[in-house]
Amino acid sequence: MERRGRRIPPHGPDMIICRNLDELPGRISGAVVTVGNFDGVHLGHREIFRRVRLAAQEIGGSSVVVTFFPHPLKVLAPEREFRLITTYAEKERLIGESGIDYLVTIPFSREFAAVSAERFVREILSGRISMRRLIIGYDYAFGRNREGDVRLLRRLGEELGFGVEMLDQIGDGETGFSSSAIRERITLGDMRGVAQLLGRHFSVGGVVVHGFHRGRGIGFPTANVQVEEEILPLPGVYAVKVEGDGWVLDGACNVGDNPTFHASKVTVEAHILDFDGDLYGRRLRVHFIDRIRDEREFPDVHALTEAIRHDVDRCREVLRDSALVTCHDE
């Protein structure tokens, strides 16, 4: 059982981050590489990273993750309004906590999208990074028209001197771990289902800004978090863990547009249980544990206050024996 207000353990060893190829510190000795978008850094991704780390240890080399920014769909299909699970900064942090030695980010553009998979492997993975082994996920392909499949990679590996390993599909026996499945569960408000695929509780973060101060007026002050993530859970009330600078406290959080007050903007407002302090301008991260109810309109402020009181009691009950899972790898 987690004690509220516990200190958060420090992260693991620092990862070398190269946000473009020019930042590469020369060739990487014994590079074992994986390539992908890794949005969400879910359990499937973490298993790939684990295999990359182990393979690098076997040859006394370095583990390397190659990814792209922005996400290719943001460039190639902007009309889809594709929403990422994590910000890029959060993705960097999560990959670093997975014990990876190097994170290499390649700026993605339409010009880069036209580069053939073979050229990408020859000039970047083999030429610039000096890859010794490539580990990819199940059915993964990259490059122009997704032509970088396992057959092409193995042919090039024989020529250029690197090994290729494709992992079997990674899942929990019933569901394969995938970013698309996680997005669907987030938008349905299924926070327990999301946690099963992410390996941690879904969270959003940002700076606390001033709102309309309605919560304090009815006895339930809230931190209005200016969220940086692109995707939010289904509107409603959630039991949450709120993370500040080295602390975690229980909370009740409303996601939505406050229909009782006919607001027009979706907000994330967290009431931190048994807390009285000034959080304006500070960064918070809200971890979603479970969904309590739908957001709904109440006839008056009194009815809303009674509903919030019940929500807080329910959140206390849910959170009493709920430990925060943040997925820190050993």
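This is a predicted model, so every value here is computed, not measured.

(A) Local environment of the overall build of the protein. The secondary structure content of the protein amounts to 10 helices and 12 strands. In the protein, buried positions account for 52% of the 330 residues. Residue pairs at least 24 apart in sequence account for 75% of intrachain contacts in the protein once pairs closer than 6 positions are excluded. Carbon together with sulfur atoms contributes 47% to the accessible area of the protein, which is approximately 16300 Å² in total.

(B) Looking closely at helix 3 (residues 88-97). Where burial is concerned, most of helix 3 is hidden: 8 out of the 10 residues are buried. Every buried residue of helix 3 is listed here: Tyr88, Glu90, Lys91, Glu92, Leu94, Ile95, Gly96 and Glu97. If you follow the buried residues of helix 3, they end up packed against strand 1 (16-18), helix 1 (43-59), strand 3 (62-69), strand 4 (102-107), strand 7 (203-209) and strand 12 (283-294). Gly99 sits one or two residues past helix 3 and shows a positive phi near 80°.

(C) Quick look at the packing of aromatic side chains. Under the criterion given, the structure shown has 12 aromatic pairs. Between Phe68 and Phe120, the aromatic rings sit 6.3 Å apart at their centres with planes inclined by 45°, giving tilted as the arrangement. You can see Phe68 sitting in strand 3 and its partner Phe120 sitting in helix 5 (residues 117-128), a full 52 residues away along the chain. Pair check on accessibility: Phe68 and Phe120 agree, each one buried. On the basis of an interplanar angle of 85° and a centroid distance of 5.9 Å, the ring pair of Phe112 and Phe120 is categorised as edge-to-face. Judged by relative accessible area, Phe112 falls into the buried class, the value being 17%.

(D) Spatial organisation of the pattern of salt bridges. Inspection of every chain in the model, using the stated rule, returns 25 salt bridges. When the shortest N-O distance is used, the salt bridge between Arg50 and Glu47 registers 2.8 Å. Of this pair, Arg50 and Glu47 both sit in helix 1, separated by 3 residues, roughly a single helical turn. Notably, a salt bridge pairs Glu123 with Arg119, separated by 3.1 Å at the nearest N-O pair. In this pair, Glu123 and Arg119 are both assigned in helix 5, 4 residues apart and thus about one turn of the helix distant. When salt bridges that share partners are traced, they join Glu90, Arg93, Glu97, Glu229 and Arg285 into one network.

(E) Examining the sheet that holds strand 1 more closely. With respect to topology, 6 strands assemble into an open sheet ordered 1-4-3-2-5-6, the strand pairing being parallel. Only two strands of the sheet have a single partner each, and these edge strands are strand 1 and strand 6 (163-166). Across the sheet, the mean angle from the axis of one strand to that of its neighbour is 20°, orientation sign disregarded. Where strand 2 (residues 31-35) and strand 3 come together, 5 bridges link them in parallel fashion. Note on strand 3: the bridge partner recorded for Ala31 is Ser62. Across the sheet, helix 6 (residues 150-160) is in contact with strand 5 (131-136) and strand 6; its angle to strand 6 comes to roughly 160°.

What counts and what doesn't
Residues numbered from 1 in each chain as written. Predicted model: local features only at pLDDT ≥ 70, side-chain atom pairs only at ≥ 80, totals over all residues. Heavy atoms only, no water. Helix = DSSP H or I, 4+ residues; strand = E, 2+ residues; numbered from the N terminus. Buried < 20%, exposed > 50% of the residue type's maximum accessible area, 1.4 Å probe, protein only. Contact = heavy atoms within 4.5 Å. Areas by Shrake-Rupley, 256 points an atom, 1.4 Å probe, with all protein chains shown as cover. Phe/Tyr/Trp six-rings, centres within 6.5 Å; stacked < 30°, edge-to-face > 60°. Salt bridge = Lys/Arg side-chain N within 4 Å of Asp/Glu carboxyl O. Pairing = 2+ DSSP bridges. Axes fitted to C-alpha atoms, helices over the stretch in contact; angles between N-to-C directions.

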